[in-house]
Amino acid sequence: MSKRILRLILGDQLNSQHSWFNQIDPEIHYLMMEIGQELRYVTHHIQKIAAFFLAMRNFCLEKTKDGHWFIYMRLEDPENSQNLSQNIKDILKKGNYTQFQYLLPDEYRLDQELNTLIHEIETIYKIPAKGFDTEHFFTDRKYLERESKGRKVYLMETFYRKLRMDQNILISEDGPEGGLWNLDKENRKPYDFKTTIPPPKTFSHNASPIRKTLDSMGFSYIGQMKEDRLTWPVSRTEALEGLSYFVENLLPNFGQFEDAMVQNEPNLFHSRLSFSLNIKLISPHEVIQSCLLAYYKDPTKYSLASVEGFIRQILGWREFMRGQYWATMPKFSSLNFFNHSRKLPSWFWTGNTKMNCLHQSISDSLTYGYAHHIQRLMITGNFSLLAGFHPDEVDQWYLGIYIDAIEWVEITNTRGMSQWADGGIIASKPYVSSGNYISKMSNYCKSCIYDSKKRSGENSCPFNSLYWAFFLNHKRQLEKNFRLTMVYKNIEKLNPLEIEKIQNQAQYYISHLESL
Ligand code: FAD
Ligand code: SF4
């Protein structure tokens, strides 16, 4: 019998440079599908659904033009069972395939589903199956687990330095280029209101047919998409344009304003490359190489702090999060170190809160399916931890709302870095702050009805009382953390009356979350 191979490509596996495509063979059929299952495990932002479907359709079109054979199942196709495994089994049966091949999924949920399916097709259908690497990341799934074996603590910084050395990135004869591994100290400035902020690189795609299909089939979604136009890149060509635009226009100031927040400036100097990267339109190697090329060509335009700071996000944080995900799942997804249990207030889905920082960050998220890192970490994430929301609630919200949210990189950031529900696997201390930090790093407080300087009393900033109450209430779990020594020293200086005022104020805000 001649060979006939069915190859599965998932929606976040659009790596057009994959070695699978080195040869054209009419006996190899690629399968891609839009399925209800993926729209229902969480309620997604409308732009996220549209961007995934448009990028998948483009990928199929481009590869078909190159001569490859594709089976593409649209959401509305009558044969679509809306279930991944069922569709694969139906197609395998109909097509007389002799082999099934797939790219290793990045999500634990899909990995488990495929493992079960493969067992079934190998034992019942007698079709051999094989998984292949996506050829996207610097490290394999289990790299971090191997590296961290036997170590009590394994920090991102250790992981990042090792990868810098292994990959020979920003390494000189004497060690790290410029003498330091990490130039973060230079990257913590608030915006100066002088440096021009270039507009983001956007595109314009008609996503109206997709929205209409979702509506007619009764799929729900969150967020908005102005006039049904999608502005995110949905092809490799567009993703590469986005990369060039970033390197040319935004990278020079990325570092210094990396932690800044500005009202009505949802992008600042951030790259907006996460979606293109996470669905693999572009690779982390080529993103880093583009930055290095520009830096070595014109070191006067790019500071080392900017270039190193950006590379650390991709080579360090992104690979580290993936490694931690595969080292800790499925246990990670149920960790709740502080036993937090509250529900998110309804304004997380409308942005209708009087707290201006949260109003801005949530409104940006609903409008664009995007918020930059500091809004995610120090505004929505910070408040969620201080208010004691259940990590499941917080995870669901982040997983649904962001264009780039795929579980391996969402849950490690949300449950780990932001909610510290892992008790310190990802970050050495909880990322929380009072209104003081937000006031220093943004201009949100200037047009807020709350007073960032007041800890208690009328119009006191909720972040303040909640911040101190958080450390008071979790003293037993946190006071031995050496990175929090200063915080607990400051708490010792508070007199009992002040502590009582703070606790009462925090309690009041917690019992009035909906109306804050
Ligand atoms: P830039 O600021 O330009 O950074 C460049 C790139 O570095 C990003 O595109 C991303 O690929 C990578 N990167 C930066 N920080 C991180 C990080 N902490 N972890 C992994 N990669 C990083 N990122 C996602 O891709 N998907 C998510 O679902 C996601 N959820 C998050 C949830 C929370 C609570 C927090 C605090 C962060 C989350 N991040 C997530 C990380 C980061 O916020 C986004 O990658 C970034 O905001 C995307 O915008 P950008 O492309 O403009 O990033
Ligand atoms: Fe946010 Fe408080 Fe500042 Fe208002 S005063 S914007 S609530 S930090």
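Computed from a predicted structure; not experimentally measured.

Concerning the pairing of strand S2 (residues 28-33)
Burial analysis of S2 places six of its six residues in the buried class, which makes it a mostly covered element. Burial along S2 is two-sided: the residues Ile28, Tyr30 and Met32 and His29, Leu31 and Met33 are all buried. As paired strands, strand S1 (residues 5-8) and S2 are joined by four bridges and run parallel to one another. Within S2, the residue paired with Arg7 across the bridge is Tyr30. Two elements, S2 and strand S3 (residues 69-73), share five bridges in a ladder whose sense is parallel. By the bridge assignment for S3, Met32 is matched with Tyr72.

Here's the deal with the site of ligand 2
Taken together, Met355, Cys357, Gly435, Ile438, Tyr444, Cys445, Cys448, Tyr450, Ser452, Cys461 and Phe463 form the complete shell of residues around ligand 2. In terms of residue class, the shell around ligand 2 is made up of nine nonpolar, two polar and no charged.

Topic: the site of ligand 1
In the vicinity of ligand 1 there are 28 residues, among which His270, Ser271, Arg272, Asn278 and Tyr370 approach most closely. In this structure, an oxygen atom belonging to ligand 1 sits 2.7 Å away from a side-chain N or O atom of His270. Residue Ser274 places a main-chain N or O atom 3.0 Å away from an oxygen atom belonging to ligand 1. Alone, ligand 1 offers 820 Å² of accessible surface; in the complex the protein occludes 99% of this. Those elements that place two or more of their residues in the shell around ligand 1 are helix H9 (274-278), helix H11 (304-328), helix H13 (373-387) and helix H15 (407-418). In terms of residue count, H11 provides more of the shell around ligand 1 than any other element does, six residues in total. Grouping the constituent residues of the shell around ligand 1 by class yields 13 nonpolar, ten polar and five charged. If you count residues domain by domain, the shell around ligand 1 takes at least three from each of domain 2 (143-205 + 234-328) and domain 3 (346-515).

Observations concerning the pattern of salt bridges
Counted under the stated rule, the structure contains 29 salt bridges. The salt bridge involving Glu38 is made with Arg109; its shortest N-O contact spans 2.8 Å. Linking Glu38 in helix H1 (residues 36-40) with Arg109 in helix H4 (residues 108-123), this pair joins segments that are 71 residues apart in sequence. Linking Asp184 and Arg312 is a salt bridge whose minimum nitrogen-to-oxygen distance equals 3.4 Å. Of the two residues, Asp184 sits in the loop between strand S7 (175-176) and strand S8 (205-206) while Arg312 sits in helix H11, which places them 128 residues apart along the sequence. You can call Asp184 partly exposed: its relative accessible area is 22%. Among the ionic contacts, a cluster of salt bridges with common partners joins Arg164, Asp184, Arg188, Glu308 and Arg312.

Comments concerning the side chain of Asp25
By the secondary structure assignment, Asp25 is in the loop between S1 and S2. Within the local environment of Asp25, its side chain forms a polar contact with the side chain of Lys3, the two groups lying 2.8 Å apart. If we ignore the near neighbours within four places in the chain, the residues touching Asp25 are Lys3 and Trp69.

Comments concerning the environment of His136
With respect to the helices and strands, the residue His136 is situated in the loop between strand S5 (129-132) and helix H5 (143-148). On a C-alpha basis, the gap between His136 and Asn15 in space is 7.4 Å, while along the polypeptide they are 121 residues apart. When residues no more than four places from it in sequence are discounted, the contact partners of His136 are Asn15, Leu277, Lys280, Ile282, Ser283, Pro284, His285 and Arg318.

Focus: the domain arrangement of the protein chain
Segmenting the protein chain into domains produces domain 1 (5-132), domain 2 (143-205 + 234-328) and domain 3 (346-515). On the side of domain 3, 29 residues touch domain 2, which itself brings 29 residues to the contact. Across the domain 2 to domain 3 interface the summed buried area is about 2700 Å²; carbon plus sulfur atoms make up 65%. Together, Met261, Gln263 and Met321 form the three largest contributors to the area buried by domain 2 at its contact with domain 3, with a combined 29%. Taken together, the connections running from domain 2 to domain 3 amount to zero salt bridges. At the surface where domain 2 touches domain 3, the tally comes to seven residue pairs in polar contact (both at pLDDT 80 or more). Of all the elements in the fold, those that place two or more residues in the side of domain 2 that touches domain 3 are H9 and H11. By residue class, the composition of the side of domain 2 that touches domain 3 is 14 nonpolar, eight polar and seven charged.

Some points on the sheet that holds S2
Spatial ordering of the open sheet is given by S3-S2-S1-S4-S5, a layout of five strands whose pairing is parallel. Two strands in the sheet have a free side with no partner beyond their single neighbour: S3 and S5. If you compare each strand with its neighbour and ignore which way they point, the axes differ by 25° on average. Lying on the sheet, helix H2 (residues 46-65) is in contact with S2 and S3; it crosses S3 at an angle near 155°. In this fold helix H3 (residues 84-94) packs onto S1, S2, S3 and strand S4 (99-103), with an angle of close to 150° to the strand it touches most, S2.

So, how was this worked out
- Residue indices begin from 1 for each chain and proceed along its sequence in written order.
- Starting at A for chains and at 1 for ligands, labels are handed out in the order in which the entities are written.
- In view of the model being predicted, local features appear only for residues whose pLDDT reaches at least 70, and side-chain atom pairs are presented and counted only at 80 or more, with totals across whole chains, interfaces and linings using the full set of residues.
- Excluding hydrogens and water, the side-chain figures rest on all heavy atoms present in the structure.
- Type-normalised accessible area, obtained with a 1.4 Å probe on protein chains alone, sets the label of each residue: buried when under 20%, exposed when over 50%, and partly exposed for intermediate values.
- Secondary structure elements follow DSSP: runs of H or I no shorter than four residues count as helices, runs of E no shorter than two count as strands, and numbering proceeds from the N terminus.
- Any two strands are treated as partners once DSSP identifies two or more bridges connecting them.
- Residues are counted as near a molecule or strand when any one of their heavy atoms sits within 4 Å of it.
- Basically, the charged four are Asp, Glu, Lys and Arg, the nonpolar ten are Ala, Val, Leu, Ile, Met, Phe, Trp, Tyr, Cys and Pro, and anything else, Gly included, counts as polar.
- N or O atoms within 3.5 Å of each other form a polar contact, as long as, within protein, one can give a hydrogen and the other can take it, and as long as residues adjacent in sequence are counted only when both atoms are side-chain atoms.
- Method for areas: the Shrake-Rupley scheme with a 1.4 Å probe, in which residue coverage is limited to the protein chains shown.
- All the domain ranges listed were derived from an automatic or database domain assignment.
- Here, a salt bridge means any Lys or Arg side-chain nitrogen found within 4 Å of an Asp or Glu carboxyl oxygen.
- We call two residues in contact whenever any of their non-hydrogen atoms come within 4.5 Å of each other.
- Note on definitions: buried area is the accessible-area loss of two parts on being combined, 1.4 Å probe, summed for both.
- Only the stretch in contact is used when a helix axis is fitted, and all axes are lines through C-alpha atoms; the angle between N-to-C directions ranges over 0 to 180 degrees.

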